[in-house]
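Chain by chain, the residues run as shown.
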Amino acid sequence: MRTQVGIIGAGPAGLMLAHMLHLEGIESVIIERSKREHVQNRLRAGVLEQGTVEMMRELGLGERIGQLGLEQHRIDFRFGGESHPIDFHEATGGRSAWVYPQHEVVKDLMAARTAAGAQMLFETPVTAIEGIDGTRPVVRFEKDGVAGELHCDFVVGCDGFRGISRRAIPAREGQVHDRIYPFGWLGILAEAPPATNEVTWGCHEDGFAMMSIRTPSVTRLYLQCEPDENPDHWSDDRIWSALHKRLDVPGLPPINEGRITQKGVTAMRSFLFEPMQHGRLFLAGDAAHIVPPTGAKGLNSAMADVKVLARALEQHYQRGSQDLLARYSKTCLKRMWLVQRFSAGLCTMVHSFAGDSSFVRRLQRADLDYMTGTTAGRLQFSENFTGLPIDA
Ligand code: FAS
Ligand code: PHB
């Protein structure tokens, strides 16, 4: 097989990149190890930044967001038994966030790729990436036990944290920066109408909790738990009791209970691999970076990466210039370190760490008071939550 851009992974990064390249007349092939249905139905992120929604709309993919997406203007932080909302729409002069689950984004992108007659190989694990130091890289894969190869001009690793592409960069050329957090999130889906129409965070001494929205009748909820927690150790009663304790405040509707239809534990880490390119190989999304889901930046950062890369590849093919490609990693890392800073800072601020001294716990409370109670604090949160500018 031969194409211009070989893309490994059919998650949001790979699908968005392929679609953006297609609109510029640049050929690509996506190679994905899982089934199409598995990729499309994976439950993950829930919130899109303003910039991600604008990208989807500009690419003609905004129709279902308009129908199903819930535009958000505020986040309600609850601590000290009170509600402390931040109106990020007002603080940023009109920027919003949208509750629109990742599997809907993937569904929109998959439909667009299929309608365009895209080449997407599913159930086809990539087994090796070769020749990235030359001009004719090769992606080796297996399909039904038969080996195959894709010859291309460029390879883009959109294969997530556990993918193969990052490992194709020589160890001496790359550096890992990471932090593992001593807790995880127990995420649940409940057949219960969200108690309010805005994302609500509970910063409680027992631990963090969040109420988010999936549909008018389905609530997404998270509870801080041990990083290696077994979800089966959390009975429904224990879950609802902890959620009420961490989220309910006097005078506001308590969270609504309902049948729990999905439970899962997500570990927490901050991770960044640099550089995000080597020769003809480029990394985008979770293949290069992971953030704790607190700030809702994983999916959105993947979109920011591919927006920069699509523009750079367009400049290569249409104007023969290598400038943006040469600067891809530097451009993305400059924004990504600010995203890491926001996500790690927020994660540290709102979770309770076992064994923390009273001094540290009071500092956390002071951080929450400053972030929600001052103009500067609200603006800093709002600029980051609705999405930093993308240099593309
Ligand atoms: P993805 O991981 O989505 O996609 C990578 C694809 O590459 C996968 O389909 C995989 O099968 C494929 N692949 C891997 N190796 C391959 C190989 N060798 N050959 C072929 N294909 C291969 N982000 C948020 O913003 N908010 C959240 O609340 C949130 N919750 C999350 C919960 C969980 C459990 C997880 C794991 C992540 C969560 N994230 C969240 C982050 C998540 O949304 C990612 O940021 C997003 O999926 C990144 O998209 P991609 O970079 O495309 O990677
Ligand atoms: C979600 O709905 O999954 C979600 C919402 C807000 C966040 C993180 C995750 O900050």
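Structure's up top.
A brief look at the structure comes next.

The rules behind the values
Residue positions within a chain follow its written sequence, with the count starting from 1. The naming scheme follows written order: chains are lettered A onward, ligands numbered 1 onward. Restriction of local features to residues with pLDDT of at least 70 applies here, the model being predicted, together with a cutoff of 80 or more for giving and counting side-chain atom pairs; totals for whole chains, interfaces and linings are based on all residues. Where side-chain values are given, they derive from all heavy atoms of the structure, hydrogens and water being excluded. When a carboxyl oxygen of Asp or Glu lies within 4 Å of a side-chain nitrogen of Lys or Arg, that pair is called a salt bridge. Secondary structure counts use DSSP, requiring at least four H or I residues in a row for a helix and at least two E residues in a row for a strand, with both numbered from the N terminus. Only protein chains enter the area calculation, which uses a 1.4 Å probe; residues under 20% of their type maximum are buried, those over 50% are exposed, and those in between are partly exposed. At least two bridges found by DSSP between two strands are what make those strands a pair. All axes here are fitted lines through C-alpha atoms, helices being fitted over the stretch that makes contact, and every angle between N-to-C directions spans 0 to 180 degrees. None of His or the chain ends enter the tally, which takes Lys and Arg as positive and Asp and Glu as negative. The definition of a polar contact used here is a pair of N or O atoms within 3.5 Å, where within protein one atom must be able to donate a hydrogen and the other to accept one, and adjacent residues in sequence count solely through side-chain atom pairs. A molecule or strand has a residue near it when one of that residue's heavy atoms lies within 4 Å. Only the protein chains shown count as covering a residue, and every accessible area follows the Shrake-Rupley method with a 1.4 Å probe. Three categories are distinguished: nonpolar for Ala, Val, Leu, Ile, Met, Phe, Trp, Tyr, Cys and Pro, charged for Asp, Glu, Lys and Arg, and polar for the others, with Gly belonging to the last. Helix span, expected: 1.5 Å multiplied by one less than the number of residues in the helix.

Time to look at the pattern of salt bridges. Applying the stated criterion to the full structure yields 17 salt bridges. Across the salt bridge formed by E104 and K107, the nearest N and O atoms sit 3.6 Å from each other. Taken as a pair, E104 and K107 lie in helix α6 (residues 102-115) at a separation of three residues, close to a single helical turn. Overall, the relative accessible area of 12% leaves E104 in the buried class. Beyond isolated ion pairs, a larger network of salt bridges with shared partners links R64, E104, K107 and D108.

Ordered in space as β9-β10-β11, the three strands form an open sheet in which the pairing is antiparallel. In this open sheet, the two edge strands, each paired with only one partner strand, are β9 (126-130) and β11 (146-151). On average, each strand axis in the sheet is inclined to that of its neighbour by 20 degrees, with strand direction left out of account. Here strand β10 (residues 138-143) pairs with β11 via six bridges, running antiparallel. If you follow V138 over to β11, its bridge partner there is H151.

Another point: the side chain of R220. Checked against the element boundaries, R220 lands in strand β16 (residues 218-225). Despite its burial, R220 pairs with no opposite charge; the closest candidate is E104, at 13 Å N-O. In this structure the side chain of R220 is engaged in a polar contact, spanning 3.3 Å, whose partner is the side chain of Q262.

What follows deals with the site of ligand 2. Within the structure, ligand 2 sits among G46, V47, V199, W201, M210, S212, R214, Y222, P293, T294, A296 and F385. Between an oxygen atom of ligand 2 and a side-chain N or O atom of R214, the distance comes to 2.9 Å. Between ligand 2 and the protein, one listed contact pairs an oxygen atom with a backbone N or O atom of T294 at 2.6 Å. The protein chains hide 98% of the 280 Å² of surface that ligand 2 would expose on its own. Per element, the largest residue contribution to the shell around ligand 2 is three residues, and it comes from strand β15 (residues 207-215). When grouped by side-chain class, the residues that make up the shell around ligand 2 number eight nonpolar, three polar and one charged.

This part covers the pairing of strand β5 (residues 74-79). Across the six residues of β5, five count as buried, placing the element largely inside the fold. Taken together, the six bridges between β5 and strand β6 (residues 82-87) define a ladder with antiparallel strand orientation. Along β6, the bridge assignment pairs I75 with I86. The loop that links β5 with its antiparallel partner β6 comprises two residues; one of these, G80, has a positive phi angle of about 60 degrees. With three bridges connecting them, β5 and strand β14 (residues 200-204) associate as parallel partners. Within the sheet, the bridge partner assigned to R78 lies in β14 and is G202.

Our focus in this paragraph is α6. For α6, spanning 14 residues, the distance from its first C-alpha to its last is 20 Å, which sits close to the expected 20 Å at 1.5 Å a residue. Taking burial as the measure, the 14 residues of α6 include ten buried ones, the bulk of the element. For α6, the full list of buried residues reads Q102, H103, E104, V105, V106, D108, L109, M110, A112 and R113.

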